[in-house]
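# Observations on the model geometry
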Amino acid sequence: MSDNGFVQYHYRDAIGGFFEFPTENARALLPQDLQPIEPHHGSSVLSVMAFDFHDSPVGSYGELILSILTAPRVEPGQPWPKSAFFPFRLATTTRESREHAIERWHLPHYMKDIDLRWDRGDGHVTIHATERGQPIVDMTVTEFEWSRVEHRYQAFMHDEEGFYSSTIVMAGQFSENEEEKGGIVIHTQAMTELLEDWELTTTPFRELWMKNGVQTFHPLQQLASYARR
Amino acid sequence: MATRVEAPASSNVLDYDYSSFFYSSSDDPFAILEPYNEWYNRAVPQGYYLFAQPMATPPAARISLEEQLHCRTVPLLNLSSYNYLGLSYRPEVIEAAKRALDRYGLGAAGSPILSGTMDIHVELEEAIARFKGKEAAMVFPTGYSTNVGMISGLMRPGDWIIADQNSHASIVDGAILSKANVRFFRHNNVADLEKKLRQTSGKKLVAIEGIYSMDGDVCPLPDIVEVCKRYGARILLDEAHSCFVYGPNGRGVAEHYGLDEEIDIHVGTFSKALGGQGGYVAGSRNLYNYLKGFARSRVFSCSLSPVVAAGVLESLSIAQREPELRDSLWTNVAHIRKRLDEEGVDVGDSTSQIFPVMIRNDRRVFEIGHKLLRAGLYLQPIIYPAVAKHRSRFRVSVSASHTFEQLDEGVSILARVLREEGIIL
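What counts, and at which threshold
- Residues numbered from 1 in each chain as written.
- Chains lettered and ligands numbered in written order.
- Predicted model: local features only at pLDDT ≥ 70, side-chain atom pairs only at ≥ 80, totals over all residues.
- Heavy atoms only, no water.
- Domains from an automatic or database assignment.
- Contact = heavy atoms within 4.5 Å.
- Buried area = accessible area lost by both parts, 1.4 Å probe.
- Salt bridge = Lys/Arg side-chain N within 4 Å of Asp/Glu carboxyl O.
- Polar contact = N/O pair within 3.5 Å; in protein donor to acceptor, adjacent residues only side chain to side chain.
- Helix = DSSP H or I, 4+ residues; strand = E, 2+ residues; numbered from the N terminus.
- Nonpolar A, V, L, I, M, F, W, Y, C, P; charged D, E, K, R; others polar.
- Pairing = 2+ DSSP bridges.
- Axes fitted to C-alpha atoms, helices over the stretch in contact; angles between N-to-C directions.
- Parallel < 35°, antiparallel > 145°, perpendicular 65-115°, else oblique.
- Left-handed = near helix turned anticlockwise from the far one by under 90°.
- Core = buried A, V, L, I, M, F, W, Y, C linked by side-chain atoms within 4.5 Å.
- Buried < 20%, exposed > 50% of the residue type's maximum accessible area, 1.4 Å probe, protein only.

This brings us to the domain arrangement of chain B. Residues and elements named next belong to chain B. Taken domain by domain, chain B comprises domain 1 (45–78 + 324–420) and domain 2 (91–321). Computed over C-alpha atoms only, the centres of domain 1 and domain 2 are separated by 27 Å. Between domain 1 and domain 2, the contact holds 17 residues from the first and 18 residues from the second. Area buried by domain 1 at its contact with domain 2 is led by R326, I354 and R395, which between them contribute 40% of it. Connecting domain 1 to domain 2 are one salt bridge. Between R393 and D215 there is a salt bridge; the shortest N-O distance is 2.8 Å. At the boundary of domain 1 with domain 2, the tally comes to ten residue pairs in polar contact (both at pLDDT 80 or more). Of all the secondary structure elements, the ones that give two or more residues to the side of domain 1 that touches domain 2 are α12 (324–342), β10 (354–358) and β13 (393–397). Of all the elements, α12 adds the most residues to the side of domain 1 that touches domain 2, at five residues. Per-class residue counts for the side of domain 1 that touches domain 2 are eight nonpolar, four polar and five charged.

Now for the sheet that holds strand β11 (residues 183–186) of chain A. All names here are of chain A. Pairing within the open sheet is antiparallel, and its four strands lie in the order β6-β7-β8-β11. Both outer strands of the open sheet, β6 (115–120) and β11, are each paired with one neighbouring strand and no more. Between one strand and the next, the sheet's axes are offset by a mean angle of 15°, whatever the strand orientation. Alignment of strand β7 (residues 124–131) against strand β8 (residues 134–142), held across eight bridges, turns out to be antiparallel. Directly across from T126, in β8, lies its bridge partner T140.

Let us look at the packing of helix α13 (residues 364–375) of chain B against helix α14 (residues 404–420) of chain B. Helix-helix packing is characterised by the crossing angle of the two axes and by the distance between the axes. Residues and elements named next belong to chain B. Their axes nearest at 10 Å, the elements α13 and α14 cross at an angle of 135°. Compared by their axis directions, α13 and α14 come out oblique. Crossing angle aside, the handedness with which α13 passes α14 is right-handed. On α14, the residues touching I368, K371, L372 and A375 of α13 are I413, L414, R416, V417, L418 and E420.

Our focus in this paragraph is the side chain of S297(B). Residue and element names in this part refer to chain B. Assignment of secondary structure puts S297 in helix α10 (residues 296–299). In this structure the side chain of S297 is engaged in a polar contact, spanning 3.2 Å, whose partner is the backbone nitrogen of G149. Ignoring anything within four residues of it in the chain, the contact list for S297 reads F140, P141, S145, V148 and G149.

At the interface, 39 residues of chain B touch 32 residues of chain A. Of the roughly 3,500 Å² buried between chain B and chain A on both sides combined, carbon and sulfur atoms contribute 51%. Where chain B packs against chain A, one counts three salt bridges. The salt bridge involving R183(B) is made with E199(A); its shortest N-O contact spans 3.5 Å. Those elements that provide at least two residues to the side of chain B that touches chain A are α1 (33–43), α5 (169–178) and β5 (181–185) of chain B. Considering each element in turn, the side of chain B that touches chain A owes the most residues, five residues, to α1(B).

Right, let's talk about the nonpolar core for a bit. If you look at the biggest cluster of nonpolar residues, it comprises 106 residues, and the most contacted ones within it are L124(B), L193(B), I208(B), L221(B), F244(B), L372(B) and L414(B). Inspection of this core shows a minimum of three residues originating in each of domain 1 (45–78 + 324–420) and domain 2 (91–321) of chain B. Apart from residues no more than four positions distant in its own chain, L193(B) is found in contact with I162(B), F185(B), V206(B), I224(B), V227(B) and C228(B). Judged by nonpolar contacts, the second largest core, of 38 residues, contains L46(A), L64(A), V141(A) and L195(A).

Bringing the pattern of salt bridges into the picture now. Residue and element names in this part refer to chain B. Here the structure, examined in full by the defined rule, presents 39 salt bridges over all chains. Residue D346 is joined to R360 by a salt bridge in which the shortest nitrogen-to-oxygen separation is 3.2 Å. Taken together, the residues D346 in the loop between α12 and β10 and R360 in the loop between β10 and α13 connect sequence positions 14 residues apart. The class for D346 is partly exposed, based on a relative accessible area of 33%. On the basis of relative accessible area, R360 is assigned to the partly exposed category, the value being 29%. Bridged by salt links that share partners, the residues K338, R339, E342, E343, D408 and R419 form one connected network.

Residue and element names in this part refer to chain B. Phi is positive for K179, which is not a glycine, with a value near 65°. By the element assignment, K179 lies in the loop between α5 and β5. Judged by its relative accessible area of 62%, K179 is exposed. Unlike most non-glycine residues, F244 shows phi in positive territory, near 75°.

Pasting the structure below:
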């Protein structure tokens with residue numbers, strides 16, 4: 001699972017929806033040096049992702065991630081990242097996976113276990129995230145054409161100890177569309193309280209779905225130059 | 001949709017685009033150049049050569065194109081140019097430009113507010129104002145600078161600009177430059193426009209377009225006007241692709257709907273149907289006078305070349321005295337629409353002289369474009385970020401100067417290639 005700092009997490013399904021919201025909300029959360037991606041001037045992108053991991057250093061578990069899409073930092077001589085994320089709130093279904101992600105990757109977590117139910121339909125999948133029966137997020141994404149890919153992303157993290165980035169490579173079957181057939185309901189709940197005033201669109205302008213793949217985290221890098229706003 | 005798994009494509013350069021190369025990790029602004037060029041030099045042979053290939057002829061129905069991949073000049077049937085009325089190469093237009101060249105020389109040699117206004121500019125502004133039925137019209141050196149100067153010249157920090165999400169970059173950039181608050185409503189969705197208007201207070205400008213150039217669809221103007229009036233929002237209507245084409249007198253979509261008087265700011269270009277260059281704002285004399293001082297993209301640019309101004313003036317005159325040009329255009333549009341429909345080509349929601357030929361595959365659009373070139377048809381691929389991911393397409397622009405035979409030939413080539421590629425059955 002782990003070799004020279006590379007850590008792999010195998011999943012059955014990983015889905016994501018991209019939702020627009022005002023950039024002033026994004027800037028309030030982002031470290032100063034990170035630039036939000038704006039599909040339209042003044043609109044940033046909330047990425048909501050859910051994973052169904054069946055094999056990892058901490059066993060099987062589910063994960064819900066709220067991120068802001070940011071501009072990747074392209075390094076001369078290095079492979080190009082496809083895009084970049086700033087995860088600002090994650091939740092997992094097990095305590096062990098949560099503690100692992102905080103310690104290893106400095107990912108900011110909601111500190112309670114959640115339940116993640118996957119409803120797989122014909123050409124679509126819906127996740128229902130709850131905490132002790134209280135709904136958090138319901139999200140549906142739809143499929144398009146499938147292809148086998150290996151995509152390279154950047155993730156940026158910060159906590160009291162510092163600022164970090166990691167390259168994440170996602171390999172597996174991949175479907176992506178901007179057909180606007182999916183949707184999201186974000187419930188009033190402690191994990192999502194930040195989003196309450198965000199004027200968030202409820203139809204994803206982009207829907208991602210990956211199947212039977214592996215997520216590989218590259219060794220964490222500490223970034224000295226980032227300063228919290 | 002059926003599941004289809006393709007071969008691994010881990011480092012396909014066409015997974016990336018211009019938007020992937022905004023920032024580098026270095027403090028040196030030049031650090032981004034190396035990775036960008038590494039990508040670009042790999043992307044060009046795989047398809048990006050289809051952009052910005054030089055034309056060696058007028059933008060007529062038959063052209064010569066300098067194909068960059070194979071370094072050769074190829075004769076092509078052209079369904080890509082905006083020359084909707086075929087005016088850019090009309091002999092009268094060329095003669096008018098030549099006369100202006102003899103009289104004024106090449107350029108205006110000054111800003112329009114200093115020494116760069118010539119009598120031909122005044123004549124053009126007055127002709128546009130008369131044509132649009134407005135008190136005044138202001139000429140800008142390009143269509144892009146028209147929206148940028150218009151919007152940033154009028155709107156201020158704290159104001160609200162509500163624009164269609166498919167707005168042209170000039171509207172977006174004008175809004176950014178104004179430092180006003182900006183919201184985008186879902187394309188042609190009046191309910192979402194109303195939602196955005198309801199959420200705002202203060203001065204409001206709604207910016208829309210007559211025809212949207214990527215989809216060829218027309219804005220639902222009557223409903224938009226009704227909502228804007230209800231919320232006290234001013235309306236800017238950009239008729240870049242619809243003026244001189246739509247309406248009983250060719251004044252545009254506003255005239256087509258009988259809503260000319262309900263639009264506060266009429267914007268248009270000379271580079272599409274009139275086959276020239278430049279843009280205009282038409283409206284009240286008060287608006288004109290104000291923009292004269294505040295439209296910085298005009299104030300700080302050299303005036304439109306008097307040669308172009310004279311050519312545009314003649315194009316405008318022809319467009320007015322030969323309404324049969326518009327009839328020819330719409331006859332051609334009906335003809336090609338029928339032919340495309342017979343061949344089963346997906347043209348999205350187009351109702352205008354612009355037809356998106358939907359490919360919906362961001363990688364294959366380039367190889368199909370190359371095949372079209374080899375077959376003798378010039379169509380431009382349109383990909384993300386100009387359009388949404390996986391809504392890649394070719395854009396067909398019809399002109400009054402096309403013949404039925406040329407349109408049939410174009411559709412035949414297109415249908416054959418799309419059929420060979422499995423895009424249509």
